[in-house]
Amino acid sequence: MAYTLPKLPYPYNALEPHLDAATMDIHHTKHHQTYVDKLNAALEKYPELQAQAVESLLKNLDTLPEAIRTPVRNHGGGHTNHTLFWTSLTPTQDLTPTSDLLQALHTAFGSFDQFKQQFSDAAATHFGSGWAWLALDASQTLKIYSLPNQDSPLSQGHQPLFGLDVWEHAYYLKYQNRRPDYIAAIWHCLNWPEIGKRFQAKV
Ligand code: MN
């Protein structure tokens, strides 16, 4: 079974004015679709691998045939990272983390505001293309870090809770070089109930 582009759970203009409709449309129908297509092309000769969840391939990159390791890392990462991204966003603005996740963010980072600051700094200072991540490490500790390109926290043995795409294609139409403005806008769009469910599932 080939991988397919998931539908967005809201219209392209639903996150205006924070994320504009044109960016959302191109990001989903062009960029994400291309990761899906290239992942499928890479796995064409490996139907037994294509039958697996992409998350499983990313957790076990080292066990894949060498010829497809890099394409799966890049395009499989691109597919799963974007799938997680769309469902981390919601038109219901200015939600806050559920109590258990909020408590864990306090414990790990001092306060919710300090968490936001540290995450924003990781996203703003990442050089070049990549993602900032909130993830649970192998000992179920919350971590903030950035990874280059489409590398997935799953390949580090971590469970991603939320990632912010800082590739220019994610913000350039609306924000041009102003990545910090894009990062500031994203805090109005986060689907904290969904992110809280991911946290609950792992802790
Ligand atoms: Mn992207």
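This text goes with the structure placed above it.
Residues numbered from 1 in each chain as written. Predicted model: local features only at pLDDT ≥ 70, side-chain atom pairs only at ≥ 80, totals over all residues. Heavy atoms only, no water.

## Describing unusual backbone geometry
Piece 1. For the bond running from E16 to P17, omega is 0 degrees, close enough to zero to count as cis.
Piece 2. One non-glycine residue with positive phi stands out, namely Q140, at about 65 degrees.
Piece 3. Inspection of the secondary structure puts Q140 in the loop between β1 (130-136) and β2 (142-148).
Piece 4. You can call Q140 partly exposed: its relative accessible area is 37%. (Helix = DSSP H or I, 4+ residues; strand = E, 2+ residues; numbered from the N terminus. Buried < 20%, exposed > 50% of the residue type's maximum accessible area, 1.4 Å probe, protein only.)

## Regarding the coordination of the manganese ion
Piece 1. Protein coordination at the manganese ion: the donors are H27 (NE2), H82 (NE2), D165 (OD) and H169 (NE2), at 1.9 to 2.1 Å from the metal.
Piece 2. Going along the chain, you hit the donors of the manganese ion in the pattern H-x54-H-x82-D-x3-H. Here H82 is found in helix α4 (residues 66-87), whereas its partner D165 is found in strand β3 (residues 159-165), with 83 residues between them in sequence. (Donors = N, O, S within 2.8 Å, 3.2 Å for Na, K, Ca; no water.)

## Brief notes about the nonpolar core
Piece 1. Residues L89, F115, F119, L134, L142, L164 and Y182 are the most contacted members of the largest nonpolar core, which totals 46 residues.
Piece 2. If you list the elements that add at least two residues to this core, you get α4, α5 (99-109), α6 (112-125), β1, β2, β3, α8 (179-186) and α9 (192-202).
Piece 3. Top element by residues in this core is β1. It accounts for six residues.
Piece 4. Residues from two domains meet in this core; each of domain 1 (21-87) and domain 2 (99-202) gives at least three.
Piece 5. Among residues more than four places away in sequence, those in contact with F115 are L105, F109, L134, I144, W187 and W192.
Piece 6. L39, L49, L58 and L154 belong to the second-largest nonpolar core, a separate cluster that totals 13 residues. (Core = buried A, V, L, I, M, F, W, Y, C linked by side-chain atoms within 4.5 Å. Domains from an automatic or database assignment. Contact = heavy atoms within 4.5 Å.)

## Considering the layout of surface pockets
Piece 1. What the largest pocket holds in volume is close to 170 Å³.
Piece 2. Considering the residues around the largest pocket, the lining is formed by 13 residues, among which E55, T80, L84, L154 and P160 are closest to the centre.
Piece 3. Where the lining of the largest pocket is concerned, the elements lending two or more residues are α4 and β3.
Piece 4. In terms of residue class, the lining of the largest pocket is built from five nonpolar, six polar and two charged.
Piece 5. Two domains share the lining of the largest pocket, each providing at least three of its residues, namely domain 1 (21-87) and domain 2 (99-202). (1 Å grid on protein atoms, 1.4 Å probe; cavity = no way out; pocket = protein on both sides within 12 Å on 5 of 7 lines; lining within 4 Å. Points joined across faces, edges and corners; volume = space filled by probe spheres on them. Nonpolar A, V, L, I, M, F, W, Y, C, P; charged D, E, K, R; others polar.)

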